[in-house]
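For reference, the chains in residue letters:
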Amino acid sequence: MFGSENRIVEVKGNYDFKTGQSVNVLMEQSMGYTALLYGYLLPFVILLSTLIIMIAAGFSELTAGVSSLVILAPYYMMVYFFRKRINEKFIFKIKA
């Protein structure tokens, strides 16, 4: 999922591993779907809905397009402010 780059992931629990040791970090498939929902699907639905509503209301395509992009700023700000609560939903495990 991450490729070959090094990543820092916080894993709760007591594990007996040494620094630099290669491990596999696991998460449940349902958590992957949740990340997909927050990261891609909800923003897409918000953007598309705003675009359709603005065009149906008679605004120009430029205004509707810009508004659709601008409306994502509050969404991502909410995700940022609630990141600790969202992070608690994602639980990682280590396998040697």
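Now for a description of the structure that goes with this document. None of these values were measured; they are calculated from a predicted model.

Moving on: the overall build of the protein. A tally of helices and strands in the protein yields 4 helices and 2 strands. Secondary structure elements of the protein occur, N-terminal to C-terminal, as β-α-α-α-α-β. For a compact globule of 96 residues, the expected C-alpha radius of gyration is about 12 Å, and the protein comes in at 19 Å, more than 25% above that figure. With the C-alpha coordinates aligned to their principal axes, the bounding extent of the protein is approximately 60 × 25 × 20 Å. Looking at the 96 residues of the protein, the share that counts as buried comes to 12%. Taking all contacts inside the protein whose residues are at least 6 apart in sequence as the whole, residues at least 24 apart take part in 72%. Put simply, the protein shows about 8200 Å² of open surface, and 62% of that area lies on carbon and sulfur atoms. When the 9 basic and 6 acidic side-chain charges of the protein are each reduced to a single mean position, those positions are 6 Å apart.

Close contact between helix α1 (residues 29-56) and helix α3 (residues 72-81) brings their axes to 10 Å; oriented N to C, the two are set at 155°. The angle between α1 and α3 falls in the class roughly antiparallel. Relative to α3, α1 is oriented so that their crossing is right-handed. Along the contact surface, α1 presents Leu-37, Tyr-38, Gly-39, Leu-42, Pro-43, Ile-46 and Leu-47, while α3 presents Leu-72, Tyr-75 and Tyr-76. Its residues assigned to classes, the contact of α1 with α3 comprises 9 nonpolar, 1 polar and no charged.

Along its 28 residues, α1 runs 38 Å from first to last C-alpha, staying within 8% of the 40 Å computed at 1.5 Å per residue. The largest bend in α1 is about 45°, located at Leu-37. Where α1 is concerned, the buried positions are Met-31, Pro-43, Thr-50 and Met-54. Residues of α1 that are buried make contact with α2 (61-70) and α3. Downstream of α1 by a residue or two, Gly-58 has a phi angle that is positive, lying close to 100°.

Right, let's talk about a nonpolar patch on the surface for a bit. A grouping of Tyr-33, Leu-36, Leu-37, Tyr-40, Leu-41 and Leu-42 is seen on the molecular surface, where their side chains present a nonpolar patch of about 590 Å² in accessible area. Of note, Leu-42 is situated in helix α1. Of the residues examined, Leu-42 reaches a relative accessible area of 31% and is grouped as partly exposed.

Another point: the packing of aromatic side chains. Throughout the structure, instances matching the rule amount to 2 aromatic pairs. A ring pair is formed by Tyr-75 and Tyr-76, whose centres lie 5.1 Å apart and whose planes are at 75°; its orientation type is edge-to-face. Overall, the relative accessible area of 10% leaves Tyr-75 in the buried class. Judged by its relative accessible area of 41%, Tyr-76 is partly exposed. Seen in terms of ring centroids, Tyr-80 and Phe-81 are 5.7 Å apart; in terms of plane orientation they differ by 65°. Their pairing is edge-to-face. Sitting over the ring of Tyr-80, Arg-83 keeps its end group 4.0 Å from the ring centre.

So, how was this worked out
- For every chain, the first residue of the written sequence is number 1, and numbering continues from 1 onward in sequence order.
- This being a predicted model, a pLDDT of at least 70 is required before a residue's local features are given, and a value of 80 or more before pairs of side-chain atoms are given or counted; all residues contribute to the totals for chains, interfaces and linings.
- With hydrogens and water stripped out, all remaining heavy atoms of the structure feed into the side-chain values.
- To qualify as a helix, a DSSP run of H or I must reach at least 4 residues; to qualify as a strand, a run of E must reach at least 2; elements of each kind are numbered from the N terminus.
- Computation of the radius of gyration draws on C-alpha atoms, with the globule rule given as 2.2 Å multiplied by the number of residues to the power 0.38.
- Only protein chains enter the accessibility calculation, which uses a 1.4 Å probe; a residue whose area is less than 20% of its type maximum is buried, one above 50% is exposed, and one in between is partly exposed.
- Any two residues having at least one pair of non-hydrogen atoms within 4.5 Å are treated as being in contact.
- Reported accessibility uses the Shrake-Rupley method at a 1.4 Å probe radius. Residues are deemed covered only where the shown protein chains occlude them.
- His is not counted here, nor are the chain ends, while Lys and Arg score as positive and Asp and Glu score as negative.
- Note on charges: their place is set at NZ of Lys, CZ of Arg, CG of Asp or CD of Glu.
- To define axes, lines are fitted to C-alpha atoms, for helices over the stretch in contact only, and angles between the resulting N-to-C directions are given on a 0 to 180 degree scale.
- To sort the angles, those under 35 degrees are grouped as roughly parallel, those over 145 as roughly antiparallel, those from 65 to 115 as roughly perpendicular, and the leftovers as oblique.
- Less than a right angle of anticlockwise turn of the near helix away from the far helix marks a crossing as left-handed, whereas a clockwise turn marks it as right-handed.
- Each residue is assigned to one of three groups, with Ala, Val, Leu, Ile, Met, Phe, Trp, Tyr, Cys and Pro labelled nonpolar, Asp, Glu, Lys and Arg labelled charged, and all others, Gly among them, labelled polar.
- What a helix should span is 1.5 Å times the count of its residues minus one.
- What we call the bend at a residue is the angle made by axes fitted to the seven residues finishing there and the seven residues starting there.
- Put simply, a patch holds well-exposed residues, over 30% relative accessible area, that have no salt bridge, with like charges counted together within 9 Å and Val, Leu, Ile, Met, Phe, Trp or Tyr side chains within 5 Å.
- Any carboxyl oxygen of Asp or Glu within 4 Å of a side-chain nitrogen of Lys or Arg constitutes a salt bridge here.
- Within 6.5 Å between ring centres, the rings of Phe, Tyr and Trp (the latter by its six-membered ring) count as paired, and their orientation is classed by plane angle as stacked under 30 degrees, edge-to-face over 60, tilted in between.
- Our definition puts a charge over a ring when NZ of Lys or CZ of Arg is within 6 Å of the ring centre and also within 35 degrees of the ring normal.

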